[in-house]
Amino acid sequence: MNRALPVVRLRVPTDEDAVAWHRIFDDPDVMEFHGGKSAELSVYEELTARQRRHDAELGFCLWTMVDETGRVIGFTGAQPWPQEWGPAGEIEIGWRIGREFWGKGYATTAAQMTLERLRAAGVRSVVAMVRPGNERSVAVTRRLGMELAQTFRHPRFEEDALCFRLDLHSGHAE
């Protein structure tokens, strides 16, 4: 069954978006695969500032997702892989949305928009790092045409993180 995709806009995160992200991600369900507990506001303030730098320097970032009514519902976008472990030197696509917006197609729609923007910026391929058991994110990677390419041992969670990959110029997983 095909359903209409939701309307979503992407924008470079503002200082106010740090507060919105902090509020909508303050949910154990949302944070289940991101350490399990809510982050302090200062974490989101630093994250939004870093994303503004990425946008200015790279032409892409983790953008704020806004629904058709203008509500901030989460983020999606891409950034250089920020960890010392994992796919170093790669561009990671990612998404996180508030619990009330799950299951409506927002993550997939916004991630597809991200892929178009990355192609336009000349990015050749992307990865998505997903923790085992995060079936919602695995489903988004599949809808984007990504395939499981490898695993990396997660240093904090003592499990193998799944690394999905997509070649943006051929439209196929590498």
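Procedures and definitions
Residues numbered from 1 in each chain as written. Predicted model: local features only at pLDDT ≥ 70, side-chain atom pairs only at ≥ 80, totals over all residues. Heavy atoms only, no water. Phe/Tyr/Trp six-rings, centres within 6.5 Å; stacked < 30°, edge-to-face > 60°. Helix = DSSP H or I, 4+ residues; strand = E, 2+ residues; numbered from the N terminus. Buried < 20%, exposed > 50% of the residue type's maximum accessible area, 1.4 Å probe, protein only. Axes fitted to C-alpha atoms, helices over the stretch in contact; angles between N-to-C directions. Parallel < 35°, antiparallel > 145°, perpendicular 65-115°, else oblique. Left-handed = near helix turned anticlockwise from the far one by under 90°. Contact = heavy atoms within 4.5 Å. Nonpolar A, V, L, I, M, F, W, Y, C, P; charged D, E, K, R; others polar. Salt bridge = Lys/Arg side-chain N within 4 Å of Asp/Glu carboxyl O.

S.K.: Provide a residue-level description of the packing of aromatic side chains, including the pertinent values.
M.R.: Counted by the stated rule, this structure contains six aromatic pairs. Between W21 and F75, the ring centres sit 4.8 Å apart and the planes meet at 55°, which makes this aromatic pair tilted. Linking W21 in helix α1 (residues 15-24) with F75 in strand β3 (residues 72-80), this pair joins segments that are 54 residues apart in sequence. Residue W21 shares its accessibility class with F75, and that shared class is buried. Centroid distance F101 to Y106: 6.2 Å. Interplanar angle 85°. Geometry classified as edge-to-face.

S.K.: Please provide a residue-by-residue account of unusual backbone geometry, values included.
M.R.: Although it is not a glycine, E158 adopts a positive phi angle of roughly 55°. Positionally, E158 belongs in the loop between β6 (147-154) and β7 (159-167). Accessibility expressed as a relative area gives 63% for E158, which makes it exposed.

S.K.: I'd like a rundown of the packing of α1 against helix α2 (residues 41-58), residues and numbers included.
M.R.: One can describe the packing of α1 onto α2 by two numbers: an axis separation of 8 Å at closest approach and a directional angle of 135°. Relative to α2, α1 is oriented oblique. The handedness of the crossing between α1 and α2 is right-handed. Counting all contacts with α1, which are made through D15, D17, A18, V19, W21 and H22, the residues of α2 involved are L41, Y44, E45, L47, T48 and R52. Of the residues assigned to the contact of α1 with α2, the class counts are six nonpolar, two polar and four charged.

S.K.: Could you give an account of the pattern of salt bridges, naming the residues involved and the relevant values?
M.R.: In this structure the tally under the stated criterion is nine salt bridges. Taking the shortest distance from any N to any O, the salt bridge between R11 and D17 comes out at 2.5 Å. For D160, the salt bridge identified is with R153, shortest N-O distance 3.4 Å. Taking relative accessible area as the criterion, D160 reaches 34% and is therefore assigned partly exposed. Each member of the salt-bridge network shares a partner with another, and the members are D67, R71 and E100.

The values reported here are purely geometric and, on their own, carry no functional implication.
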